[in-house]
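Breakdown of the fold
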Amino acid sequence: MKKKRKMRLKDKVAIITAAGSGSGRAGAVLFAREGARVVVGDIDPKGGQETAPLNRMAKPEEIANLALFLVSDESSFITGAAVPIDGGKIAKV
Ligand SMILES: NC(=O)c1ccc[n+]([C@@H]2O[C@H](COP(=O)([O-])OP(=O)(O)OC[C@H]3O[C@@H](n4cnc5c(N)ncnc54)[C@H](O)[C@@H]3O)[C@@H](O)[C@H]2O)c1
């Protein structure tokens, strides 16, 4: 049986600068695994966006809300886009 992980940073917020790669990214991923909500900063927006891990399953409404937005008039100027909605799972350490 899988042992339940103790979330030592549950209900904490961590702000990590230079988290787009290297040691900053490693810290952001580790803190998220411990339950913190992690705010990621980096001078390179692509690296920062690739980090941002939430480390949990999506709630159904979090997926549905994107679909609702994309089919609504609110997204009328979007003609084709792939929107990652994976809680930051593309982040690799
Ligand atoms: N890697 C090591 O073994 C090691 C050891 C000792 C010290 N250090 C030091 O630790 C720091 C980080 O090392 P690393 O290997 O993780 O580097 P890295 O290059 O992998 O990561 C640095 C990150 O900082 C971001 N960045 C750069 N300038 C920034 C700015 N002005 N504002 C916000 N973000 C900015 C970059 O975009 C990048 O994502 C460096 O100063 C390095 O010299 C690294």
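Now for a description of the structure that goes with this document.

Reading the values: rules and limits
- Residues numbered from 1 in each chain as written.
- Predicted model: local features only at pLDDT ≥ 70, side-chain atom pairs only at ≥ 80, totals over all residues.
- Heavy atoms only, no water.
- Near = heavy atom within 4 Å.
- Polar contact = N/O pair within 3.5 Å; in protein donor to acceptor, adjacent residues only side chain to side chain.
- Areas by Shrake-Rupley, 256 points an atom, 1.4 Å probe, with all protein chains shown as cover.
- Nonpolar A, V, L, I, M, F, W, Y, C, P; charged D, E, K, R; others polar.
- Helix = DSSP H or I, 4+ residues; strand = E, 2+ residues; numbered from the N terminus.
- Contact = heavy atoms within 4.5 Å.
- Buried < 20%, exposed > 50% of the residue type's maximum accessible area, 1.4 Å probe, protein only.

**Topic: the site of the ligand**
Taken together, Ala18, Gly20, Ser21, Gly22, Ser23, Asp42, Ile43 and Asp44 make up the full set of residues adjacent to the ligand. Note that an oxygen atom of the ligand is positioned 2.7 Å from one of the backbone N or O atoms of Ser23. When the ligand sits alone it has 830 Å² of accessible area, and the protein chains cover 32% of it. Along the lines of polarity and charge, the residues of the shell around the ligand split into two nonpolar, four polar and two charged.

**A look at the side chain of Glu34**
Inspection of the secondary structure assignment puts Glu34 in the loop between helix H1 (22-33) and strand S2 (37-40). Setting aside residues no more than four positions away along its own chain, Glu34 makes contact with Arg5, Lys6, Met7, Arg8, Leu9 and Lys10.

**A short note on unusual backbone geometry**
Trans is the prevailing form of peptide bonds, just as negative phi is the prevailing case for residues other than glycine. Notably, Asp11 is not glycine yet its phi reads approximately 70°, a positive angle. The topology assignment puts Asp11 in the segment before strand S1 (13-16). Among the residues examined, Asp11 registers a relative accessible area of 70% and is labelled exposed. One non-glycine residue, Ala18, lies in the positive phi region at around 55°. With respect to the helices, strands and loops of the structure, Ala18 is situated in the loop between S1 and H1.

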